[in-house]
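Descriptive structure summary
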Amino acid sequence: MANSDKKENNVEKKVLIIGGGPGGYVAAIRAAQLGAKVTVIEKQWLGGTCLNVGCIPTKVLLHTAEILTEMKQADLIGISVEGNFDVDWASLQNRKKAVVKKLVDGVKYLLKANKVEVIEGKASFIDKNTVKIDKEDGSSMEMTASEIIVATGSEPFIPPIKGSDLEDVIDSTDALSLEKIPESIVIIGGGVIGTEFATVFNSLGSKVTIVEMLPYILPPIDREIGEMTKKTLSKEGVKIYTGAKVTGIEQGENGIIVSVLLGDKEMKIEGNKALVAVGRRAVVKGLNIENAGVALDRGNIVVDKSMKTNVEGIYAIGDVTGINMLAHVASEQGVVAVENIMGMNTKMDYKAVPACVYTKPEIAAVGLTEEEVKEKGIPYKVGKFPLAANGKALIMNETGGFIKIIADEKYDEILGIHILGSRATDIIAEGALALRMECTLEEIITTIHAHPTVGEAMKEAVLAANKKAIHMVNG
């Protein structure tokens, strides 16, 4: 997406960025590289939700949960473990804080090294070129800039469910810093956030129940993989109710009671905590965005593929646009916005955006799902390779998944890659590159893949699309 670093002219541009998350700080660094004078206004934490209360701390907990699960199965890999072992929740919280601090300090260092000014405070628009900054000490200041990037991110969305304001009803931010591991937890929402937290708490010993309104969990994911994940979670003790609507939450003796309508049957589900994980919404409240005349659509800032809003000189990136609420998308949008500010012609391309879900086994995907291909009426073929036939997966005792390739039937162009298995979130990069370069099956087939790796299963899945897989019998 990025072009060369050549600027349109030598006039120094002043770029003001509201929000220092993965979109904002990346945009700031790229703008500084291109010669702009950059200021970032951040009201809470540099690194945003992702580094502080999202991607990173969640994965710290998930990593510990994964190690704990493997320790319980140590005898399968020839390790004898005697005595009791368990999670020290306080120590885990300290490790989470240490990891977050190291990454946030790294962002601070990078911004300083690139001579980016950082102002702590809450920004709001006075007009399209002027922003007011309210600081914690009660003082305020105004700043003007010809180019402003809004990168305010998103926040957990709590639907208007009766009882959702009870103390034991929490959101994803709260769930990261509980005083102790709950004995039981009801998770409202079976999407990415809900299933990841279900994986964490179930592995740590909590009794977990997922309540999802749709007839399936993980709605953005290829349905076949979503159903396999549901079976895996259920097998591990997670109760999952799909097609279920939460009608209310009330206080019980030992926590909360969630009322659920399943078909025409009403159920009561008890838990120490109820985690509401039904999605996130753009943070525009308090920005006074209307003073700048910026258009919104259902609460999201409207942008084009250059990340421009309807107002000249104002750009928006990341979750606040509502396009694709992923940190890596926000970062790329930040680069695109800045390059357009600096006179380059750069456009966002969402065709090859990888998505990752850190359940066990992991899920990763890029491109079209099988359901989307069918809906579009595209003639297609599918290649699948089970990880039970992959040497590295067998060594790691992670054989319960597969790699699925979807390709155009006529031209063999790869349309989607979907992975359920160990290292899925690492090897999906090959899939993203394949879609970005509009690769055919043959181009993956003729690329030598290292052995023994989970990644070599990618080539086998591609071969399977034309019934040429080597390490399984072609059906």
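This report concerns the structure included in the present document. Small disclaimer: the values here were computed from a predicted structure and weren't measured.

Analysis parameters
Residues numbered from 1 in each chain as written. Predicted model: local features only at pLDDT ≥ 70, side-chain atom pairs only at ≥ 80, totals over all residues. Heavy atoms only, no water. Helix = DSSP H or I, 4+ residues; strand = E, 2+ residues; numbered from the N terminus. Rg over C-alpha atoms; globule rule 2.2 N^0.38 Å. Buried < 20%, exposed > 50% of the residue type's maximum accessible area, 1.4 Å probe, protein only. Contact = heavy atoms within 4.5 Å. Areas by Shrake-Rupley, 256 points an atom, 1.4 Å probe, with all protein chains shown as cover. Pairing = 2+ DSSP bridges. Axes fitted to C-alpha atoms, helices over the stretch in contact; angles between N-to-C directions. Salt bridge = Lys/Arg side-chain N within 4 Å of Asp/Glu carboxyl O. Parallel < 35°, antiparallel > 145°, perpendicular 65-115°, else oblique. Left-handed = near helix turned anticlockwise from the far one by under 90°. Nonpolar A, V, L, I, M, F, W, Y, C, P; charged D, E, K, R; others polar. Disulfide = S-S within 2.5 Å.

A tally of helices and strands in the chain yields 13 helices and 25 strands. Against the 2.2 N^0.38 benchmark of 23 Å for 475 residues, the chain shows a C-alpha radius of gyration of 24 Å, consistent with a compact globule. Across the 475 residues in the chain, those meeting the buried criterion constitute 51%. For the chain, contacts bridging at least 24 residues in sequence account for 63% of all contacts bridging at least 6. For the chain, the accessible surface area stands at approximately 22800 Å², while carbon and sulfur atoms represent 51% of it.

Now for the sheet that holds strand S15 (residues 265-271). Ordered by their spatial adjacency, three strands build an open sheet running S13-S14-S15, and the pairing between neighbours is antiparallel. Two strands close off the open sheet at either side, each with one partner strand: strand S13 (244-252) and S15. On average, each strand axis in the sheet is inclined to that of its neighbour by 25°, with strand direction left out of account. Judged from the seven bridges that link them, strand S14 (residues 255-262) and S15 form a sheet pairing that is antiparallel.

Under the defined criterion, the tally for this structure stands at 19 salt bridges. Between Glu155 and Arg281 there is a salt bridge; the shortest N-O distance is 3.3 Å. Here Arg281 lies in strand S17 (residues 280-282) and Glu155 lies in strand S8 (residues 154-156), a separation of 126 residues in the sequence. One salt bridge connects Asp168 with Lys273, and the closest N-O pair in it is separated by 3.0 Å. Highlighted residues: Asp168 in the loop between S8 and strand S9 (169-170) and Lys273 in strand S16 (residues 273-276), separated in sequence by 105 residues. One salt-bridge network, in which partners are shared between bridges, spans Asp222, Glu224, Glu370, Lys384 and Lys404.

Right, let's talk about the sheet that holds strand S5 (residues 130-134) for a bit. What links the strands of a sheet is backbone hydrogen bonding, and the strands pair in either a parallel or an antiparallel sense. Pairing in this open sheet of three strands is antiparallel, and the strands run S4-S5-S6 from one edge to the other. Each edge of the sheet is formed by a strand with only one pairing partner; in this case those strands are strand S4 (122-127) and strand S6 (140-144). The mean angle between the axes of side-by-side strands here comes to 30°, regardless of whether they run parallel or antiparallel. Strand direction decides the pairing type here: S5 and S6, joined by five bridges, are antiparallel. Counterpart to Asp134 in the pairing with S6 is Ser140.

With that settled, consider the environment of Gly21. Position of Gly21 among the secondary structure elements: in the loop between strand S1 (14-18) and helix H1 (24-33). C-alpha of Gly21 to C-alpha of Gly153: the two residues are 132 residues apart in sequence and 7.4 Å apart in space.

To continue, consider the packing of helix H3 (residues 55-72) against helix H4 (residues 89-113). Look at H3 against H4: their axes get within 9 Å of each other, and the N-to-C directions meet at 140°. The orientation of H3 with respect to H4, classified from their angle, is oblique. Regarding H3 and H4, the two cross each other, and that crossing is right-handed. From H3, Ile56, Pro57, Val60, Leu61, His63 and Thr64 reach across to H4, where they touch Trp89, Leu92, Gln93, Arg95, Lys96, Val99, Val100 and Leu103. In terms of residue class, the contact of H3 with H4 is made up of nine nonpolar, three polar and two charged.

Here the focus is the state of the cysteines. What makes a disulfide is a covalent bond joining the sulfur atoms belonging to two cysteines. Evaluated as defined, the whole model comprises zero disulfides. Its sulfur unpaired, Cys356 is 10 Å from the next cysteine sulfur, which belongs to Cys55. With no disulfide partner, Cys439 has as its closest neighbouring cysteine sulfur the one in Cys356, 19 Å distant.

Everything listed is a geometric property; what it means functionally is a separate question.
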